[in-house]
Structure formats: C-alpha cells, structure tokens
Amino acid sequence: MPDKANTMLEKIEKLLHEVEGFTAQTIDQVEEYRIKWLSKKGEITSLFEDFRSVPNEMKKEMGQRLNELRNKAQEQINFFKEKLETVTDTNTAGNLDLTIPAYPSIQMGSRHPLSVTKNEIIDIFARIGFTVSDGPEIEDDWHNFSALNTPENHPARDMQDTFYVNLNPEMVLRTQTSSVQVHIMEYQKPPIRTISPGRVYRNEAISARAHCQFHQVEGLYIDDQVSFADLKQTLLYFAREMFGAKTEIRLRPSYFPFTEPSAEVDISCTLCGGKGCNVCKYTGWVEILGCGMVDPQVLENCKIDSNKFRGFAFGMGIERITMLKYQIKDLRLFFENDARFLKQFSPVSL
Ligand code: DAH
C-alpha cells in the first residue's frame, strides 16, 4: 500500500507541475484541460477516488496536496477562461461600433496663451532663417551680466532686481534671455542668426503689470555685413507678421549696456491703429522691445573678432506681446491656471 501511496504522491507532484505551467491561447484549450483534469473521469478526480484507499497515516499529507492540486487547477481554468472570453467578446462582437465618440465627450485642452505667442514668434523668425536656441535658467554672473558689459557695481545692474542663489552668490536666476547670446557666441562661429525664447526671473512685486517670473525672446544676428537698417527691417517685418500688415514701428534712442547704439521699439497701437486710446495712453504708440547693435566689446568678450564681425540684438517680453495681441489687462492671469481664462485660446490640434 505505501508503494501505491508513493506513486500517487508522484502523480500529484507531476500534475501540480503541469497545472502551474499551464497557459492557453484559445478557449477550446481551456476546455480540453478542464476535461483532462477535473471532469468525472479527469486525472485529478480519479486521484480523489484512489485517495479513499490511502492508509490513514498518510491521509493528512496526501489530502492537503490533493486539495492544493485541485484548487490550483480550478484557478488556472477560471483565469484563462475569463481572460480568453473577454478578448473574444471584444474582438468578435459584430455589433460593437468603435467609431462612436466617447461619452461624455473628452474635453479638448488648449495651449497656454504664452505658448501660442512663443510658437508664433518662432514661426515668424524661422521664415527669415532664424534658428531657435536655449540656455540655462540658473546662470553664472559672467553670462547674465559681466560678458554683457555689466560688471559688478555697474549702475545698469540696478535696472534688473536679481535673485541670487544662496549657496553660491556667483550664480543668479537669469534676469534676461540676453545671457543666451553669450553662450551662443562662445560656442558658435558667425554667421549666427538665432532667437532664444525662455523664462526669466526678477525680484519684483507681483502686480497687474509685473511678475517675479516672465518670458522673453532674445534675437541675435552676427555676420560680416550687418547694419542698423537690417535691424529695422527685421523688426518691421516681425511687427507686421505679428500684429497685422498695417502696423508701423518707431524707434526711440535708449540705453542697454550690451548694445551701441540702442533703441526701444514702439508699434502703432493695435487697438486704435494710432488714433489714441487708453491702451496707448492716447499717444498712438505702444512699446514692444529693446534692441541695438551688439557692442564690439561684447563680441570680444565672447572671442569674436569685432573688426571682422558685427551684429544686432533685440529682446522682447512674451507676456507683453500676448497682452497687446489679445487685449489682456492683467499679467497675473497667465500664472493662475484658471481654465475659464485659458480655454479662450486656440484648442490644441492633435
Ligand atoms: N535684455 C533686455 C531686458 O531684459 C532686453 C534687450 C534690450 C535685449 C536690447 C537685447 C537688446 O538684445 O539689444 O530688458
């Protein structure tokens, strides 16, 4: 009898092994194995019949193993049955219409207005050969200030309230995307024709007209024959593409440490077309950017020969351009993530 019991134990172990390794690709296979193991004449069922004649002292151990085997087999059968039935259902259900729109309908998001403007600026300049470049937001003093002719204690540093990094006072959160100019000129030989959009930071009180973080686009063009006339024409082209074909520009002399001469650029008021209204404070003009011819000393700071090359640069605020374009009165709206404001801008096309 113990012999018979041992053969039974061996059978159980063999079957356990088979059950554990069982997988099925079709529902017919599952049924085939259900019959093989668990039907009236199945292998496991007949082991239970044999179990009756097992000596008492072996009943406990054998009973446990046998139950384990039956439960595992049943689990496997159930698992694969359920899995394959669901797959078969969705695949073969002839009346399932996959073209019906999801309900409730999926809400389409929209691009952030600042991204809409940024992309438009990139497109406009790409059409006249400007590439897009990028630089770090945590910047060293050299790239943000010194290379741009603004050494320590230079009064022009007061134009921008700077966030310094506590751990290293040499590092700042960049106050202007002009810092990217320096990176580009350091690693790229002229001709250079690029714009650099990005986020900048200044220690300003938050109000309808100012924020401690905002966005700029820097433009840089360096070659052997670049004139102030090229700068003016480039900016006129930009203004008309951005604000409409009737837009005029006006340049006013200004000061920036890294350009000489420097200018601020106004466009004819987008709302009243120059007649005078409260947007342009009845002047007919609104300021959009700063620009100038790159100071030869800045070229030299970046190891570009100022006797051979010259260029122009400009910098504009993306918030400002967006506010003018869409008549937005409060800059804080850009940072509040209020869906009622954001959804007014073009839906994302997939
Ligand atoms: N970086 C200046 C600012 O943040 C803007 C600017 C002015 C950029 C003149 C330029 C430029 O490239 O030529 O106020």
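Here the structure is a predicted model, which means the values were calculated and not measured.

1. Observations regarding the overall build of the protein
Step number 1: For the protein, the count of helices and strands is 11 helices and 10 strands.
Step number 2: Since a compact globule built from 350 residues should have a radius of gyration of about 20 Å, the 37 Å found for the protein marks it as more spread out than a globular shape.
Step number 3: For the protein, the spread of C-alpha atoms along the principal axes amounts to about 110 × 50 × 40 Å.
Step number 4: Within the protein, the fraction of its 350 residues that count as buried is 42%.
Step number 5: By sequence separation, contacts in the protein at least 24 residues apart represent 67% of the contacts at least 6 residues apart.
Step number 6: As presented, the protein carries roughly 20,300 Å² of accessible surface, and 51% of it is formed by carbon and sulfur atoms.
Step number 7: Distance from the positive charge centre (41 side chains) to the negative charge centre (49 side chains) of the protein: 6 Å.

2. Looking at the pairing of strand S7 (residues 249-256)
Step number 1: With seven bridges joining them, S7 and strand S8 (residues 259-268) adopt antiparallel strand pairing. Bridge assignment links Ile249 to a residue of S8, and that residue is Ile267.
Step number 2: Counted along the chain from S7 to the antiparallel partner S8, the turn is two residues long.

3. Regarding the site of the ligand
Step number 1: If you check the shell around the ligand, you find 16 residues, and the closest are Gln176, Ser178, Arg202, Gln216 and Glu218.
Step number 2: In this structure, Gln176 approaches the ligand through a side-chain N or O atom, which is 2.8 Å from a nitrogen atom.
Step number 3: Separating an oxygen atom of the ligand from a backbone N or O atom of Ala313 is a distance of 3.2 Å.
Step number 4: Protein chains shield 91% of the accessible area of the ligand, which is 350 Å² for the free molecule.

4. Focus: helix H3 (residues 43-51)
Step number 1: Ile44, Leu47 and Phe51 are the residues of H3 that are buried. Within H3, the buried residues cover an arc of 50 degrees as seen down the axis, which keeps them to one side.

5. Thoughts on the pairing of strand S4 (residues 168-173)
Step number 1: Looking at chain direction, strand S2 (residues 138-140) and S4 are connected through three bridges and run antiparallel. Bridging across to S4, Ile138 finds its partner in Leu173.
Step number 2: Across two bridges, strand S3 (residues 164-165) lies against S4 in antiparallel orientation. Directly across from Val165, in S4, lies its bridge partner Asn168.
Step number 3: The hairpin turn running from S3 into S4, its antiparallel successor, is two residues long.

6. Some details on the sheet that holds S2
Step number 1: Reading across the sheet, the three strands line up as S2-S4-S3 and stay open at both edges, with antiparallel pairing between neighbours. One side of each edge strand has no neighbouring strand; the edge strands of this open sheet are S2 and S3.

7. Some thoughts on the domain arrangement of the protein
Step number 1: We note that the domain assignment places domain 1 (2-94) and domain 2 (113-342) within the protein.
Step number 2: One C-alpha centre belongs to domain 1, the other to domain 2; they are set 75 Å apart.

Reading the values: the criteria
Residue positions within a chain follow its written sequence, with the count starting from 1. Selection of residues for local features in this predicted model requires a pLDDT of at least 70, selection of side-chain atom pairs for listing and counting requires 80 or more, and totals for whole chains, interfaces and linings are taken over all residues. Hydrogens and water are ignored here; the side-chain numbers use all heavy atoms of the structure. We count a stretch as a helix when DSSP gives it H or I for four or more residues in a row; a strand needs E for two or more, and each element gets its number in order from the N terminus. With C-alpha atoms as the basis for the radius of gyration, the globule rule is written as 2.2 Å multiplied by the number of residues raised to the power 0.38. When accessible area is computed with a 1.4 Å probe and restricted to protein chains, residues below 20% of their type maximum are described as buried, those above 50% as exposed, and intermediate ones as partly exposed. In this analysis, two residues are considered to be in contact whenever any of their non-hydrogen atoms come within 4.5 Å of each other. Surface accessibility follows the Shrake-Rupley procedure with a 1.4 Å probe radius. Residue values consider only the protein chains on display as shielding. Neither His nor the chain termini are counted; the positive set is Lys and Arg, and the negative set is Asp and Glu. Each charge is placed at NZ for Lys, CZ for Arg, CG for Asp and CD for Glu. The pairing criterion is simple: DSSP has to find at least two bridges between the two strands. Near residues are defined by distance, with any heavy atom within 4 Å of the molecule or strand qualifying the residue. Residues adjacent in sequence count toward polar contacts only when both atoms are side-chain atoms; beyond that, a polar contact is any pair of N or O atoms within 3.5 Å, and within protein one must be able to donate a hydrogen and the other to accept it. This arc is built from the directions going out from the helix axis to the C-beta atoms. By convention here, the domain bounds are inherited from an automatic or database domain assignment.

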